[in-house]
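Now for the letters of each chain:
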Amino acid sequence: MASVRPEYPRPHFDRSHAWLTLNGDWEFTVDPSGTANPRDLAARAQWPQTITVPFAWETEASGVAANWLEYGWYRRTLTVPAEWHGLRVVLHFGAVHHQARVWVGDVEVGGHEGGYTPFEFDITDALAGRTEATVLVRVWAPVDKREIVHGKQRSIPRDDYDDCAFTPTSGIWQPVWLEARPATHVSGLALTPGENLDAIVADISVAGPDAARARLTVQATGGDPVTTVAGADGRGRVTLPVTEPRLWSPTDPYLYDVTVTLDSGDGTDQVRSATGLRRIETRGDHLLLNGERLYVRGVLDQGYWPHSGMTAPDDRAFVTDLELARESGFNLVRKHLKLEDPRFLHHADRTGMLVWAEPASTGTFTPEAAARFEAQIAPMVARDGNHPSVVIWGLYNEEWGLDWDVPGDPAKQDAVRRAYDLLKSLDATRPVVDNSGWTHVATDLVDWHIYDETPAGWAAKVRSLLAERATSFPVGLGGGNIVHKLLMADGGPTPAVPNLNSEYGGGKTSVERGWNQRWQTQELRRHDVLSGYVWTELYDIEHEFAGVYAFDRTLKDSGVSPASAAHADTVLVVDAQPFAPGRDLVTGPDRKAAFDVRISHHGPAPERIAVAAVWGPVLGSAEGLAPAAGPAAVTVEPYRLSEPVHICEGLPDGAPAARLHLLAVRACDGQVIGGTCVDVAVR
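Just so it is clear, the model here is predicted, and its values are computed rather than measured.

1. Quick word on helix α9 (residues 510-526)
- The end-to-end C-alpha separation of α9 is 24 Å, in line with the 24 Å expected for 17 residues at 1.5 Å each.
- Of all 17 residues that make up α9, 13 are buried, and the element is covered over most of its length.

Rendered as structure tokens:
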């Protein structure tokens with residue numbers, strides 16, 4: 001096994017008993033004109049470069065670091081293990097951007113278009129009985145990406161959203177591997193919870209010459225095996241009862257392993273997967289997980305790393321990002337405009353992090369571009385649908401690939417509706433967002449994106465949408481261009497579905513961003529009608545400095561406004577309009593800070609909570625400060641903003657400024673379960 005990304009790449013469809021990684025060093029050559037002859041290249045004794053797969057050729061990790069290259073060729077020799085004799089040998093690619101053609105020996109075994117979806121080729125016949133052969137891969141990655149799916153990759157000519165796009169990811173950027181299987185084999189496995197969350201339903205697809213007579217034995221953790229025979233269409237369905245079911249949730253991410261064993265005249269095949277018993281649904285304006293209210297505290301995670309681009313440098317990198325999100329108080333990550341490596345979802349499943357998953361966008365609207373976008377939907381569901389962590393599917397984003405004109409163009413409305421209908425036909429178990437941000441056409445969630453550099457401006461826009469039920473809001477598109485975006489493409493009122501803010505943030509410096517995160521998130525918690533939010537973003541990327549963490553995943557200076565406090569189950573909402581970092585409130589001659597505080601509690605049960613006030617230095621931490629004894633407690637109901645608690649505190653003697661820490665103290669045991677702060681200065 002190679003030392004580069006050596007882990008099995010497809011845990012959701014595990015055939016790791018018969019696999020061989022092809023990650024590591026491949027020969028590489030550029031082809032500036034795109035006219036190289038595969039026969040000549042295959043026969044060439046030496047190639048000029050070596051590239052490390054699976055890292056894009058733009059990246060340092062690849063060893064090539066070639067920007068704006070359109071055509072590249074890969075070559076390596078593969079050796080088939082002797083014990084695979086009599087089995088079919090299959091060559092797998094996790095993802096290649098954008099178009100790939102593949103030869104084994106002198107036989108072209110196939111091609112694929114679409115830079116984010118997996119593909120495979122049965123290369124047994126091309127091997128013609130040999131155990132060793134040369135693999136040749138030609139990749140075309142056009143620099144003009146506007147009509148292909150490319151998400152946040154830069155294009156020349158540029159997209160309208162180029163200022164928030166990054167270095168392209170071209171060539172092989174997810175793992176490559178070989179597998180062995182019988183001619184008749186399991187080709188698909190979809191796992192869904194039973195209606196009452198007391199069973200797992202397995203839908204199995206079989207391919208091969210003996211598919212219609214294949215015997216299938218399916219078993220889940222702790223259960224008895226269930227046997228069936230595939231139908232004439234090569235499909236079989238079994239229901240696996242679960243005694244004493246253990247539901248999957250962020251606090252208890254329990255997974256059931258499912259094993260499918262196929263027996264046919266061609267031999268035995270076995271595939272393993274895993275899933276969780278959980279239900280995600282909407283009921284009126286609430287999201288529910290396993291029948292209980294779910295409030296999304298999400299963060300945007302775009303899936304980029306400093307030296308390896310869109311490819312994680314190692315498997316641990318996925319775990320690190322999930323841990324950073326959890327430590328910052330988030331319960332969901334929005335994987336933005338990218339079908340992420342399946343290993344990420346595997347780790348999200350086992351650690352209990354919720355995921356909003358969505359495909360990559362195109363950059364402009366044409367029938368061909370819309371078709372390429374839609375071509376990602378079925379592979380996305382087939383690959384990622386078994387993961388209980390995925391609780392929201394996204395589709396389009398902010399009219400990207402729709403030329404900013406969904407309300408004015410019926411063809412674009414049809415494209416949005418068509419994508420939504422297709423996704424719902426493939427998976428009706430999860431809510432779908434049709435066009436994240438605004439101008440919804442057909443959607444299970446109404447979400448909106450607002451960026452504002454001031455808490456006051458932010459609060460006014462949020463109040464307009466949530467309290468005054470506005471049907472549009474102002475959006476800055478760069479260069480001082482501000483437009484009013486409709487929530488619904490037809491200009492009408494929003495449907496009775498959950499409401500989410502799915503992108504927000506403000507501040508030019510790290511301290512300003514920490515300050516805005518504290519105050520803006522409080523404003524969201526002021527409005528009980530909301531079902532959650534997504535902060536932008538978890539970490540910086542290249543020129544984008546909006547992260548809680550830097551690009552190298554080190555924690556940034558937030559002015560001691562920790563994300564974990566802003567995104568806790570219990571937070572304090574201050575009735576004040578802050579002035580600036582370090583000077584939230586300015587006192588008069590009496591040197592007193594007077595304001596009301598409300599409590600937002602998202603725990604499972606009511607709590608008796610007191611608000612204690614403790615002075616400390618400006619931009620200082622509350623660590624080690626003890627709240628004064630005896631503040632009166634109020635009863636706080638889950639998901640219902642409390643009545644105000646009045647605070648009136650004088651600045652410490654002689655201090656021109658100080659930070660007033662406000663601590664939510666549980667009355668029954670004196671434990672601090674949340675808090676915020678207000679920096680107070682003398683005028």
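2. Digging into the sheet that holds strand β17 (residues 235-241)
- An order of β13-β14-β17 is seen for the three strands of this open sheet, with the pairing classed as antiparallel. This sheet does not close on itself; its edge strands, each paired only once, are β13 (185-193) and β17. Averaged over all neighbouring strand pairs, the angle between strand axes comes to 20 degrees, with direction disregarded.
- Pairing geometry for strand β14 (residues 199-207) and β17, over seven bridges, is antiparallel.

3. Some details on the sheet that holds strand β39 (residues 657-666)
- Read from one edge of the open sheet, five strands run β34-β40-β39-β36-β37, paired in mixed fashion. Two strands close off the open sheet at either side, each with one partner strand: β34 (585-587) and β37 (633-636). Pairs of neighbouring strands in the sheet enclose a mean axial angle of 35 degrees, with direction left out of account.
- Bridge count between strand β36 (residues 607-616) and β37: four bridges; the pairing is antiparallel. Of the residues in β37, the one forming a bridge with Arg-608 is Thr-635.

4. Quick look at the side chain of Arg-293
- Looking at the secondary structure, you find Arg-293 in strand β22 (residues 292-294).
- The side chain of Arg-293 is buried and forms no salt bridge, while Asp-285, the nearest opposite charge, is found at 6.3 Å.
- A distance of 3.2 Å separates a polar side-chain atom of Arg-293 from the backbone oxygen of Asp-528.

5. A few points about the state of the cysteines
- Counted by the stated rule, this structure contains zero disulfides.
- No disulfide involves Cys-648; its sulfur sits 18 Å from the nearest other cysteine sulfur, which is in Cys-677.

The rules behind the values
Residues numbered from 1 in each chain as written. Predicted model: local features only at pLDDT ≥ 70, side-chain atom pairs only at ≥ 80, totals over all residues. Heavy atoms only, no water. Helix = DSSP H or I, 4+ residues; strand = E, 2+ residues; numbered from the N terminus. Expected span 1.5 Å × (residues − 1). Buried < 20%, exposed > 50% of the residue type's maximum accessible area, 1.4 Å probe, protein only. Pairing = 2+ DSSP bridges. Axes fitted to C-alpha atoms, helices over the stretch in contact; angles between N-to-C directions. Lys, Arg positive; Asp, Glu negative; His and termini not counted. Salt bridge = Lys/Arg side-chain N within 4 Å of Asp/Glu carboxyl O. Polar contact = N/O pair within 3.5 Å; in protein donor to acceptor, adjacent residues only side chain to side chain. Disulfide = S-S within 2.5 Å.

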